[in-house]
Every structure is written in structure tokens, then in C-alpha cells.
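Residue-level structural notes
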Amino acid sequence: MARNNAKKKKLKGNKEENNRKKGFREKLTEMLELPKELVLNIPRITMVGNGDMMIENYKGLVEYGRARIRISTGPGTVKITGIGLVIREITSEDIIISGNIHTLEFLYASNDMEHTG
Amino acid sequence: MKVLLLLRLWNYLRGYVIIIVDGFFTEKFINICAHRNILLWDVVVQGDRTMTMRMSIKGFRLIRPIARKAKCRVRLIKKTGIPFILNRYRRRKAFFVGALLFVALIYVLSSFIWNVEISGNKRLETARIEEALANNGIKSGILKYGIDTDSAVSNMMLDMEDISWISINIRGTKAKVQIRERIPVPEIVPRDEPCDIVASKDGMIKKVVAKEGIEAVGEGDTVKKGQVLIAGTIPLKDDDKRFRFVHAMGKVTARTWYEEESPVILTETERLKTGKEINAHSLVLFSWKLDLPHRKNNFSNYSAAENRRKLSIGEDLVFPLEWVTVSYKEEKLAEAVINAEDAKNAAAEAAYQKALQQVPENAKVVNTNIYYVKDEQRGLLARVTLECLEDIGVSRKIGGN
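For the structure given in this document, a descriptive report is provided here. Computed from a predicted structure; not experimentally measured.

**What to know about the sheet that holds strand β13 (residues 222-223) of chain B**
All names here are of chain B. Read across the open sheet, the 5 strands follow the order β13-β11-β17-β23-β22; overall the sheet is antiparallel. This sheet does not close on itself; its edge strands, each paired only once, are β13 and β22 (364-375). Pairing geometry for β22 and strand β23 (residues 379-391), over 11 bridges, is antiparallel. Among the inter-strand pairings, Lys364 is bridged to a residue of β23, identified as Leu389. Along the sheet, helix α9 (residues 340-358) makes contact with β17 (249-263), β22 and β23, crossing β17 at roughly 150 degrees.

Dropping the structure here:
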């Protein structure tokens, strides 16, 4: 428990630091009109209806199945569920998924923190 | 699976393989491939731990260490694309030489002009235009890249006085030449020179309106060609021997008649086909003709029809290869009697058409008469007279012709 708490504290500290840091970076990128996803290392997701989806600036594929795909990105994991999901194309820059997409979830560390605390 | 058609075609040209990956860490395999810039597409989960995917031939060569790293088994299912097809025929040198030769031949043959198409000429003879074009470097069998159409156009304009406009377009192996003919300019007497208005043809005067000059004829007068209709010579009031000369102007409308006849044909020799025919084929390459053997034509009565088919791709790419078929069809002659009424009508129609061709453009047909006359030599004739109203006045210098 104690170890867990310590971890939480450490995370919290990190988060605050991140917040401060990101706040500055975000402001800067907005000021300079730079592409946010590249500077802040966050994914850029484009969807056409619920059938086609392109994720740019991703890190890697974590899980791939017909009903569920998980993709790791800078801030955390992106989870897609649906029916008959297929990777149409995958390169180091982007991944194109098509199928019948039902849900799209962002499993980010910061989200977890808000849930728990 | 609806990848863009163009992309599909591109992939087919480049060639790709379909592989099946089997293992617990297939995602890892995909990740490593992506990081090493190996494009994967149509990744489909097949079973519990297997998935199929497509990748380029180049990517497939780099795959072995990745499979080992991800502890996956990779099997090749299918090779698709042009490179594999070419590989299959690698040993067949003659095939490649033939393919290359074919492309080269198409290219060489399509860089010449094989056909000159002339349109828009009514009075000018096509042969004359062709000759003039040939003198200016446009004829079949000439390399099309060396043709300067602009200078050819201006030279043609200089060479042929009868054309008012010409355009030359090179389309494929065809040179399309369009022509507008010059309309002959009527001789106009300058405004300040005295002239008469004379009849351009025989007729009966309907109306004379003189704007300048004296009306020399009145309504109902019959006039001959060349007769003065409005005189530009005006006698002075007191003196009969002295005259004032003016540039006569005005409009003279007259009735004119055009007559044509056509014989009434009561019997007709009908040519009945017996069904027997002989086809003679020949192949024409450039101007060199090769006759293919055929049966001898020993029909006493026959009709011949020639059918030429040029080898062409589309409409514009015509090649100098022609397949000519002449078919001789045997015929039996039979005399048939035509209904008198039908024969008369046909003759009248023929005469009417002939007469109509004589009527100038600015004339208006007001009356059509058809009657039949017996001729000693030619039998029954259908005669058609067209009565027209037209302006017959033309200017002519006083004292001139």
C-alpha cells in the first residue's frame, strides 16, 4: 500500500511537472502555429464515419484482433472496439483501420489519475 | 478492402506477396515491420494466433530476422504482380525480343503520316489539294515530327488562290486538313463610275425600283440577257443629244424559268443475284500489293464491290496496312415492267431535282409545272418547269460589256 501511495505521489509530481511543462509548450506551439501532434507527441486521429480511421504519430500496435485493437501512443493507449476490424495499411507514420467501429477509448495515465483520485 | 484502384494497380506493377504469420506475438511482428519501413497492408486476423498480410517483394526479403525476433512463423501463400510473371518468362528471350519489337514497331509506324483527310472542299478537286499539300511536305509516308504545320498553312494559302482558310492538324497518323473555299467576288463597279444595270439572264420583269438612273423596262416586259434594265445615261432636259451619266442603282425583280426533262422508263432490267460469289482478297502494305489466290471469275454478268479495311487503333492512329476484299457476285438479268404511274412519278421527280439544282440560291420558286410530252426518239418525257422570282440586275460600266 505504502509503495503504491509513493508511486501515486511520484506520478502526481510528474503530472504537475508535465502540466507546467506542457502548458508552456502548448502555448508556444499555438503561438507559432506548429502542428500540435508532432511537437506535443500526441496522436492525430482522422475518422470517416465509423468505418475508416487513420491514426498518425502512433508508437506501436499492442493488440490486434477482429473485435479489438489497442494502439500505444505518446500520452497512452488508444482502444478501438468493433466488428470485423482490419488493418488496411501500416507504416511507421500511420495506421489505417477499417471495419465497423463501435467505440474509441483513450486510456491515458492522466485519465486514470482523475478516476482514482 | 476497397483500396483505391490506382494503388492496387501500382501494387500489382511492383509485385507483392501474401504471407501468413503464425505466433503469439504477431503484433510485435507488425510493429517491427512498421518501424523498419516495410509497408504492410490488408492485415487480416485469420485465427487465434494467425494473420495474413500483404507486403512488397523488397520487404519480404528483410523479413527473416524480424520473424525470428518476434518468434513467429512466416509462410508465403501467394506471389502476385508483374515481376513474378516476368520472372516466369525470364528464359524466353525471343518472347521479350518480340514484345520489344512490337512496341518499337508501333512507335515507328505511328510516327509517320499515313492518311491525309481533306474536308470542306466543294468546288476544288481533292486531288489538286492533295498535290499542293504534298508540295508543302504533307503527304502520307512522311515523318510527322518534321512537319511545320504553320508554314505549310501559309504556303498553302499562297499556292492556292481559291482557299480562304485552311487548317492542318496532325492527329495520330492522320493529317486532318480543313478548307474553306473562297467565294468568288462579283465584279463591282466603283461607286463614282457611271454604270447601267443590265439583266444577268432572260426573264419577265415583275418589278423595277430605280434609286438612281432611268427605268428602261416596265412590268411585264420580257428581257434578254445583257439588256439594260436601269439606264445610267440620262438625257438632258432640253437637249436630246447630250447626256448626263450616273451610277445606276436599284432592284429589278423578274420571273425566270428553269426547265428540265427526264425520260419515263417503263421497263427496267433487274439484276438478280444468283447467290454465287467469289471473294478476292489482297493485302496492301504501303503501296505494295499482295494478291491472295482465289478462284477464277468466269461469271458472264456480275457486280463487283470493293471493301477496304485499314488497320487502325482508334480513329486517328491509322497504319499503312490494308486488307482489300473484292467480292464478285453473279447476277441474272431479268426484264421487268414498271407500273406506268410509278414510272411517270419517278421521271418527274428526277426532272424536278435536276431543275432545282439550276435555281440560284437567292431565287424563290413560286410555281412548279409538270407535264409529259411524247418525243419521237426518246419516247415519253417528263418535263418540269420551275417559275422563280429573283433579282436579275447586275451593274455594268457604260460602254463596257
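That was the structure; now back to the text.
**Some points on the interface of chain A and chain B**
The partner chain B presents 18 residues to the 16 residues of chain A that form the contact. The three residues of chain A that bury the most area against chain B are Tyr64(A), Arg88(A) and Ile90(A), which together make up 38% of that side's buried surface. The tally of links between chain A and chain B comes to 0 salt bridges. Our enumeration of links across chain A and chain B arrives at 11 residue pairs in polar contact (both at pLDDT 80 or more). Only β3 (60-64) and β5 (76-90) of chain A provide two or more residues apiece to the side of chain A that touches chain B. Residues that form the side of chain A that touches chain B fall into these classes: 7 nonpolar, 4 polar and 5 charged. Sheet topology places β5(A) next to strand β2 (residues 40-45) of chain B; 3 bridges connect them, and they run antiparallel. Paired with Glu89(A) across the strands is Trp41(B), a residue of β2(B).

**Thoughts on the nonpolar core**
Grouped together as the largest cluster of nonpolar side chains are 39 residues, with contacts concentrated most on Tyr64(A), Ile80(A) and Phe29(B). Take this core: its biggest share by element is 6 residues, from β5(A). If we skip the residues at most four places from it in the chain, Ile80(A) touches Met53(A), Ile55(A), Ala67(A), Arg68(A), Ile69(A), Ile71(A), Leu85(A), Ile97(A), Ile101(A), Thr103(A) and Leu104(A). Among the nonpolar cores identified, the runner-up in size contains 18 residues, and Met156(B), Ile168(B), Ala175(B) and Ile179(B) belong to it.

**Describing the pattern of salt bridges**
Across all of its chains, the model carries 17 salt bridges over all chains by this definition. The partner of Arg308(B) in a salt bridge is Glu306(B), with the nearest N and O atoms 3.2 Å apart. For Arg308(B), a relative accessible area of 45% puts it in the partly exposed group. Taken together, the shared-partner salt bridges in this structure form one network comprising Glu63(A), Arg68(A) and Arg70(A).

What counts, and where the lines are drawn
Residues numbered from 1 in each chain as written. Chains lettered and ligands numbered in written order. Predicted model: local features only at pLDDT ≥ 70, side-chain atom pairs only at ≥ 80, totals over all residues. Heavy atoms only, no water. Pairing = 2+ DSSP bridges. Helix = DSSP H or I, 4+ residues; strand = E, 2+ residues; numbered from the N terminus. Contact = heavy atoms within 4.5 Å. Axes fitted to C-alpha atoms, helices over the stretch in contact; angles between N-to-C directions. Buried area = accessible area lost by both parts, 1.4 Å probe. Salt bridge = Lys/Arg side-chain N within 4 Å of Asp/Glu carboxyl O. Polar contact = N/O pair within 3.5 Å; in protein donor to acceptor, adjacent residues only side chain to side chain. Nonpolar A, V, L, I, M, F, W, Y, C, P; charged D, E, K, R; others polar. Core = buried A, V, L, I, M, F, W, Y, C linked by side-chain atoms within 4.5 Å. Buried < 20%, exposed > 50% of the residue type's maximum accessible area, 1.4 Å probe, protein only.

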